[in-house]
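Topology and contacts: notes
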Amino acid sequence: MIENLAEIELEDNGSKGRYVLREPGGAEAEMTFTRIGEHRIIIDHTEVPDAFRGQGAGLRLVTRAVEDARAAGKKIIPLCPFANAQFRRHPEWADVLQG
C-alpha cells in the first residue's frame, strides 16, 4: 500500500538531484533530475526496484517533483519515458509542464 511507503527524500547536489524512497531492506526507488537554469528541471530517469512494484512509488516520486516545481514556480521537461507518460495521464499538471 502507498500509505506504508517511507517519506520521499530530496537529495540536491546543485545542478543535479534526485527524489528517493528507501525501504528498510535497503532498496531505493529514485527519480533523477537536472536543473536547466533557475526555472526549469529535466526529469531524466525513474527507477523502481521490485521491492516497490505495485505500490505507486514511481507516481509518488513524479508527483512530489510536480508539487515542488509548482511551489517554486519552475517548469518540468519530462524526458524520462515514465515521467512523460505520467504527465500525459495528469492534465492537471499542465501548469508545470514545459511546453
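This text goes with the structure placed above it.
Remember, predicted model here, so these are calculated numbers, not experimental data. (Residues numbered from 1 in each chain as written. Predicted model: local features only at pLDDT ≥ 70, side-chain atom pairs only at ≥ 80, totals over all residues. Heavy atoms only, no water.)

1. So, helix α2 (residues 81–89)
We count it as follows: A simple rule labels every residue: compare its accessible area, found with a 1.4 Å probe on the protein chains alone, to the largest value its type can have, and call it buried under 20%, exposed over 50%, or partly exposed in between. Put simply, DSSP H or I for four residues or longer makes a helix, DSSP E for two residues or longer makes a strand, and each gets a number counted from the N terminus. Any two residues whose heavy atoms approach within 4.5 Å are treated as being in contact.
For α2, the full list of buried residues reads Ala 83, Ala 85, Gln 86 and Phe 87. Where α2 is buried, its residues contact β4 (40–47), α1 (57–72) and β5 (75–78).

2. Let's talk about the environment of Asn 84
Basically, it comes down to this: Any pair of N or O atoms that falls within 3.5 Å is considered a polar contact. Within protein, one atom must be able to donate a hydrogen and the other to accept it, and sequence-neighbouring residues count only if both atoms are side-chain atoms.
Mapped onto the secondary structure, Asn 84 falls in helix α2. When its relative accessible area of 30% is taken as the criterion, Asn 84 is described as partly exposed. Between the alpha carbons of Asn 84 and Ile 43 there is a distance of 8.8 Å; along the sequence they are 41 residues apart. Among the polar contacts made by the side chain of Asn 84, one reaches the side chain of Arg 88 at a distance of 3.0 Å.

3. What to know about the side chain of Arg 18
Tracing the backbone shows Arg 18 in strand β2 (residues 16–22). Here Glu 11 takes part through its side chain, which lies 2.7 Å from a polar atom of the side chain of Arg 18. A polar side-chain atom of Arg 18 sits 3.0 Å from a polar atom in the side chain of Glu 28.

4. What to know about the pairing of strand β3 (residues 28–36)
Put simply, the test is: By the convention used here, strands pair only if DSSP detects at least 2 bridges between them.
Of the strand pairs in this sheet, β2 and β3 are connected by seven bridges, and their pairing is antiparallel. Residue pairing across strands places Val 20 opposite Glu 30, the latter belonging to β3. Hairpin geometry of β2 and β3 is characterised by an intervening segment of five residues between the two adjacent antiparallel strands and by a positive phi of about 105° at Gly 26. Strand direction decides the pairing type here: β3 and β4, joined by seven bridges, are antiparallel. Within β4, the residue paired with Glu 30 across the bridge is Glu 47.

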